[in-house]
Amino acid sequence: MTVVVELKTVDDTHEFGRRLAGVLRAGDLLLLSGPLGAGKTALTQGIGAGLGVRGDITSPTFVIARVHRPDPARGGRVTLVHADAYRLGEAADPRAEIDDLDLDASVDEAVTVVEWGEGMVEQLVDAHLRVRIDRRDDDTRAVTLEPVGGDWAARVAELSQG
């Protein structure tokens, strides 16, 4: 079951991220893909807001990964690990580079969002959610949610009804 959601503005992208956070829990892995400027980090900002994590969510392109701990004052309930594998795609062995990030050490107790991670991080968990964001000529975003295993299909269905 694949679901496509259309988002007209960056604010809509943030809000959708907040809604998505409502169905997330520790141990979840999301793989975000799409061209540069599509809205992957904007979606993650919404997820971070929905999870109530500390710190500003910015693109981790140059640091590769950021850890955002829950903020009890904001209702935080789970850590968010935000990684960007974009630069790793140029490495001779990108999977070894991913291994060096130790994402597997935190994947069970955090929500892990990896931009550009397809083909590199799926083995970390038994089930994950693929999120493809495409930016159209009129600046709307088409967000395709593709559940892979586990109870993702039910959670995506719940999200698409809200």
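Above this text sits the structure in question.
Residues numbered from 1 in each chain as written. Predicted model: local features only at pLDDT ≥ 70, side-chain atom pairs only at ≥ 80, totals over all residues. Heavy atoms only, no water.

## A word on the environment of Asp56
Item 1. One can find Asp56 in the loop between α2 (40-51) and β3 (65-68).
Item 2. For Asp56, a relative accessible area of 67% corresponds to the exposed category.
Item 3. When the C-alpha atoms of Asp56 and Gln45 are compared, they prove to be 7.8 Å apart, with eleven residues separating the residues in sequence. (Helix = DSSP H or I, 4+ residues; strand = E, 2+ residues; numbered from the N terminus. Buried < 20%, exposed > 50% of the residue type's maximum accessible area, 1.4 Å probe, protein only.)

## Describing the environment of Ala21
Item 1. Structurally, Ala21 is set in helix α1 (residues 10-21).
Item 2. Under the relative-accessibility criterion, Ala21 is labelled buried at 0%.
Item 3. Along the chain, Ala21 and Val111 lie 90 residues apart, while their C-alpha atoms are 9.2 Å from each other.
Item 4. Beyond its immediate stretch of four places on either side in the chain, Ala21 contacts Ile47, Gly50, Leu51 and Arg77. (Contact = heavy atoms within 4.5 Å.)

## Overview of helix α5 (residues 152-161)
Item 1. Among the residues of α5, Trp152, Arg155, Val156 and Leu159 are the ones counted as buried. Buried residues along α5 cover an arc of 100° about the axis, so they all sit on one side. Projecting away from the buried face of α5 at angles above 90 degrees are the exposed residues Ala154, Glu158 and Gln161.
Item 2. In this structure, the buried residues of α5 make contact with β1 (3-7), α1, β2 (29-33), β6 (128-135) and β7 (141-148). (Arc of directions from axis to C-beta.)

Honestly, it's all geometry; don't read function into it.
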